[in-house]
Amino acid sequence: MPDPTHLYAPKTSTEPTQICEKCRNPYTLDHFQHGVEGQECVCRRCLQVMGYKV
């Protein structure tokens, strides 16, 4: 089963996207609404890998 936190923004999506500074992949903006101060440009998945509780 695929990891639902690893869903890249679909190429046909009209939602605004942002590029993660760590993995350089485009994600929808809700992946950056994690509330970790100083890490606003890092996606939720990378923060979990780095050990943050998001």
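Because the structure is predicted, anything quoted here is derived from the model rather than measured.

Student: I'd like a description of the overall build of the chain, backed by residues and values.
Tutor: When helices and strands are counted, the chain shows one helix and two strands. The linear arrangement of helices and strands in the chain, starting from the amino end, is β-β-α. Within the span of the chain, comprising 54 residues, buried residues form 24% of the whole. Of all intrachain contacts in the chain linking residues separated by at least 6 positions in sequence, the fraction that spans at least 24 positions is 12%. Of the roughly 4,100 Å² that the chain leaves accessible, carbon and sulfur atoms contribute 52%.

Student: Tell me about the nonpolar core, residues and numbers included.
Tutor: C20, Y27, F32, V36, V42, C43, C46 and L47 form the largest nonpolar core, which has eight residues in total. Excluding its chain neighbours within four sequence positions, the residues that come into contact with V42 are C20, K22, H31, F32, H34 and L47.

Student: Which residues make up unusual backbone geometry, and what are the values?
Tutor: Located in the positive-phi region is R24, a residue other than glycine, with phi close to 60 degrees. As for its placement among the helices and strands, R24 is situated in the loop between β1 (17–19) and β2 (26–28). For R24, a relative accessible area of 55% gives the class exposed.

Student: Account for the state of the cysteines, with residues named and values stated.
Tutor: Taken as a whole, this structure holds zero disulfides when the rule is applied. Counting only cysteine sulfurs, C43 is the nearest neighbor of C46, a cysteine outside any disulfide, at a range of 3.7 Å.

Student: Any chance you could break down the environment of F32 for me, citing the residues and the numbers?
Tutor: Mapping F32 onto the fold places it in the loop between β2 and α1 (44–49). Of the residues examined, F32 reaches a relative accessible area of 7% and is grouped as buried. It is 6.1 Å that separates the C-alpha atoms of F32 and R44, two residues lying twelve residues apart in sequence. Ignoring anything within four residues of it in the chain, the contact list for F32 reads Q18, I19, C20, Y27, E40, C41, V42 and C43.

Student: Explain the confidence of the model for the chain to me, using residue names and the numbers behind them.
Tutor: On average, the chain scores 85 in pLDDT, and the residues at 70 or more come to 76%. The secondary-structure element of the chain with the lowest mean pLDDT is β2, recorded at 91, while α1 shows the highest, at 94.

About the criteria used
Residues numbered from 1 in each chain as written. Predicted model: local features only at pLDDT ≥ 70, side-chain atom pairs only at ≥ 80, totals over all residues. Heavy atoms only, no water. Helix = DSSP H or I, 4+ residues; strand = E, 2+ residues; numbered from the N terminus. Buried < 20%, exposed > 50% of the residue type's maximum accessible area, 1.4 Å probe, protein only. Contact = heavy atoms within 4.5 Å. Areas by Shrake-Rupley, 256 points an atom, 1.4 Å probe, with all protein chains shown as cover. Core = buried A, V, L, I, M, F, W, Y, C linked by side-chain atoms within 4.5 Å. Disulfide = S-S within 2.5 Å. pLDDT = per-residue confidence, 0-100.

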